Amino acid sequence: MCGIVGYVGKKEAAPILLDGLRRLEYRGYDSAGISIIENGKIVTVKATGKVVELQNKIGEKKMASKIGIAHTRWATHGKPCDKNSHPHTDCKGNISIVHNGIIENYLELKDQLQKKGHKFTSETDSEVVAHLIEEFSQKPASTRGDDRSSTRGGLDFRGAVLESLKLIKGTYGLAILDRNCPEQMIVARLGSPLLLGVGKDEFIVASDASAIVQYTDKVVYLEDGEMAVVSADNFEVFNVKNKLIKKEISKLDWDIEQAQKNGYAHFMLKETFEQPESIANAMRGRISKTDGMARLGGLRDVEEKLKDINRIIIVSCGTSYNAGLIGEYMLEEYAGIPVEVEYASEFRYRKPLLDKRTAVIAISQSGETADTLAAIREAKNKGALTLGIINTVGSTIARETDAGIYNHAGPEIGVASTKAFTSQLTILTLLTVFLGRQRDMSLVTGKRILSELEKIPKHINEILSGDKEIKKIAKKYANFSDFLYMGRKYNFPIALEGALKIKEISYVHAEGYASGEMKHGPIALIDENFPSLFVAPRDSVYEKNISGMQEIKARSGKIIAIATKGDKEISKHASDVIYIPKTLEMLTPLLAVIPLQLLAYYVGISKGYDVDKPRNLAKSVTVE
Ligand code: M6R
């Protein structure tokens, strides 16, 4: 979603803010803007399009200031255009705000403020925040408590923000400037992530760590309902009741190199090629070969509780949901625990039946997805044990779940999830062994799964070395406008994931389907212009997949197959074959997804698209 960055310190704010915006651009990129306080005035520049447009608009302007806020937008209320871009200001240009989230009662608030004479210039929900603060700043001193400003007769900056926040319903990550307090920035969060980077005589506020990591590795995570008053040499955090809160300073586990492209044309390509390493990182220190057991330190506190669990519900969205579906197959087959996988966005609105013996597992790369967070909160309220499989250390879901396992995949910047997905599958395999060995899984099975899992990075390297072949196939099929992706059992979710990848970065219509379901409808679409992709390794459903391929071939459909190395038969049925090494059936998804990520990538770039920033998408979806 939107990205927020704010700076207060001893350096020039504008270059730091623009650099932060560039790093946050993957979160949203339909427009961008910046406000600083220069010579006692708020100066704001906004531009539609990517951050480079804003940079061009600023051009030679000096923007000399040691304090400022900036924003990159992913439109929710009001189309992408300059006037709807953030920052938004009040009527007099005294207050400037950037906002991530949704103000649900903005129409009601806007109406009340308009009746009081406030003039709005945008169609956004966010603008009400600036006018509310203005309104409280103007209130007669006699109607308020101690928080008064002698100059404006209303509440001081902090008081006005606090009163405004009390009226807002919805979610927000906010950074706010007041020209009457040129040395202070106020930030606040409710349901939208916000971190405060603590530097030497400076603070950088951002909606995620990628805008902070090059300046400091010390951060303060703001919790929901907290507000921080930040100046160059100090910060204070208050809750909604205006009570001072003591905050801990944590250490970021990312480094700057991880957040750069390192010679690759795109983050997506870099992250695809990083998978042998990110998978090894997900396993590191977690495999105990001698007793065929996974060592999961993050679950230590709930180990006994997990022995009693008789049901698992996995909640997640998008690619993380597809990983959850594969987890369902693994956990049911090898740990013997019934599993349901739910879109978090649906789960939160159902009346799920949960009890103490149910574990609800959130899978999320960002750890900030609004629906997944809401689902976990709902599960907690209902007394379930909540666990997280999360990539971003210190993220909200990681902090709010009872226990969890970090992916250790490093920052994933490309909007299309790649290495986070395979690290999620790695963790799900470890979890399966862990829970299975707590139950009936034999030592031999535990050892076998773990030793095959350890070979996965090597197998992926082998697939990646065939990158050129995959590129050729991508070129051959790049001009088709529709695809059917199919797989069965463990690889049905891979069909969903492959179709999602090509849809989101190549804008090609693709449907993921369980291959057994194909003849119940989608086969009607098949002709020579509608190719299919079959994920058909040599596994327990291989013959079934071959039958499906024959049915497609009989209708003149072209077929790309993902098959096991050495399978000669498959080329009789498929027009093009991409081979993957042999592994355990439950681990084939970890290999089969790699060519599908590359296919989507190469189709996307052959069409000239910006695959790291596909249209209409944002990396982490922090609004409903
Ligand atoms: O951060 P999360 O894993 O919770 O994000 C969930 C989805 O938004 C995400 O996987 C999305 O589907 C990706 N863009 C897919 O590549």
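**Digging into helix α1 (residues 13-24)**
Part 1 of the reasoning: An ideal rise of 1.5 Å per residue puts 16 Å on 12 residues; α1 measures up with 16 Å between its terminal C-alpha atoms.
Part 2 of the reasoning: Most of α1 sits out of view: 9 of its 12 residues are buried.
Part 3 of the reasoning: Taken together, the buried positions of α1 are occupied by Ala13, Ala14, Ile16, Leu17, Leu18, Asp19, Gly20, Leu21 and Leu24.
Part 4 of the reasoning: Looking at the buried residues of α1, the elements they touch are β1 (3-9), β2 (31-38), α2 (51-58) and β4 (67-73).

**A few points about unusual backbone geometry**
Part 1 of the reasoning: The omega torsion across His86 and Pro87 is 0°, close enough to zero to call that bond cis.
Part 2 of the reasoning: With respect to the helices, strands and loops of the structure, Pro87 is situated in the loop between β4 and β5 (88-89).
Part 3 of the reasoning: Although it is not a glycine, Asp201 adopts a positive phi angle of roughly 55°.
Part 4 of the reasoning: Tracing the backbone shows Asp201 in the loop between β9 (195-198) and β10 (202-206).
Part 5 of the reasoning: Its identity is not glycine, yet Lys489 carries a phi of approximately 55°, on the positive side.

**Re the pattern of salt bridges**
Part 1 of the reasoning: Evaluation of the coordinates by the stated rule reveals 34 salt bridges.
Part 2 of the reasoning: Residue Arg295 is joined to Asp291 by a salt bridge in which the shortest nitrogen-to-oxygen separation is 2.5 Å.
Part 3 of the reasoning: For Arg295, a relative accessible area of 40% corresponds to the partly exposed category.
Part 4 of the reasoning: By relative accessible area, Asp291 is classed as partly exposed at 27%.
Part 5 of the reasoning: The network of salt bridges with shared partners includes Arg189, Asp224, Arg377 and Glu400.

**Here we look at the site of the ligand**
Part 1 of the reasoning: Around the ligand, the surrounding shell holds 13 residues, and the nearest of these are Ser320, Ser364, Ser366, Thr369 and Glu504.
Part 2 of the reasoning: Considered on its own, the ligand offers 410 Å² of accessible surface; in the complex 91% of this is hidden by protein.
Part 3 of the reasoning: A total of 3 residues in the shell around the ligand trace back to one element, the largest contributor, which is helix α9 (residues 318-335).
Part 4 of the reasoning: Taken together, the residues of the shell around the ligand sort by class into 3 nonpolar, 8 polar and 2 charged.

**Side note on the packing of aromatic side chains**
Part 1 of the reasoning: Summed over all chains, the structure comprises 10 aromatic pairs.
Part 2 of the reasoning: Ring plane angle 35° and centroid distance 5.9 Å describe the contact between Tyr264 and Phe273, whose orientation is recorded as tilted.
Part 3 of the reasoning: A residue is classified by how much of its surface remains accessible, and Tyr264, at 32% relative accessible area, is partly exposed.
Part 4 of the reasoning: The partly exposed category is assigned to Phe273, whose relative accessible area is 24%.
Part 5 of the reasoning: For the pair Phe483 and Tyr485, a centre-to-centre distance of 6.3 Å together with 65° between the ring planes defines the contact as edge-to-face. Summarising the burial analysis for this pair, Phe483 and Tyr485 share the class buried.
Part 6 of the reasoning: Among the aromatic side chains, those forming a connected cluster through ring pairs are Tyr477, Phe480, Phe483 and Tyr485.
Part 7 of the reasoning: Above the ring of Phe238, the side-chain terminus of Arg158 is found at 4.0 Å from the ring centroid.

**Digging into the packing of helix α7 (residues 275-283) against helix α14 (residues 443-464)**
Part 1 of the reasoning: Two elements in contact, α7 and α14, have axes whose closest approach is 8 Å; the angle formed by their N-to-C orientations is 175°. The angle between the axes of α7 and α14 places the two elements in the roughly antiparallel class. Along the contact surface, α7 presents Gln275, Pro276, Ile279, Ala280 and Met283, while α14 presents Leu453, Glu454, Ile456, Pro457, Ile460, Asn461 and Leu464.
Part 2 of the reasoning: Its residues placed into classes, the contact of α7 with α14 shows 9 nonpolar, 2 polar and 1 charged.

**Here's the deal with the sheet that holds strand β6 (residues 95-100)**
Part 1 of the reasoning: Strands sit in the order β5-β6-β7-β8-β12-β13-β14 across an open sheet of 7 strands; the sheet is antiparallel. In this open sheet, the two edge strands, each paired with only one partner strand, are β5 and β14 (244-245).
Part 2 of the reasoning: By the bridge criterion, 6 bridges tie strand β12 (residues 226-231) to strand β13 (residues 234-239) in an arrangement that is antiparallel. Along β13, the bridge assignment pairs Ala228 with Val237.
Part 3 of the reasoning: In the packing of helix α5 (residues 157-167) onto the sheet, the strands contacted are β7 (172-178), β8 (185-190), β12 and β13, and the crossing angle to β7 comes to about 150°.

Parameters and conventions
Residues numbered from 1 in each chain as written. Predicted model: local features only at pLDDT ≥ 70, side-chain atom pairs only at ≥ 80, totals over all residues. Heavy atoms only, no water. Helix = DSSP H or I, 4+ residues; strand = E, 2+ residues; numbered from the N terminus. Expected span 1.5 Å × (residues − 1). Buried < 20%, exposed > 50% of the residue type's maximum accessible area, 1.4 Å probe, protein only. Contact = heavy atoms within 4.5 Å. Salt bridge = Lys/Arg side-chain N within 4 Å of Asp/Glu carboxyl O. Near = heavy atom within 4 Å. Areas by Shrake-Rupley, 256 points an atom, 1.4 Å probe, with all protein chains shown as cover. Nonpolar A, V, L, I, M, F, W, Y, C, P; charged D, E, K, R; others polar. Phe/Tyr/Trp six-rings, centres within 6.5 Å; stacked < 30°, edge-to-face > 60°. Lys NZ or Arg CZ within 6 Å of the ring centre and 35° of its normal. Axes fitted to C-alpha atoms, helices over the stretch in contact; angles between N-to-C directions. Parallel < 35°, antiparallel > 145°, perpendicular 65-115°, else oblique. Pairing = 2+ DSSP bridges.

Any functional reading would require information that these geometric values do not contain.
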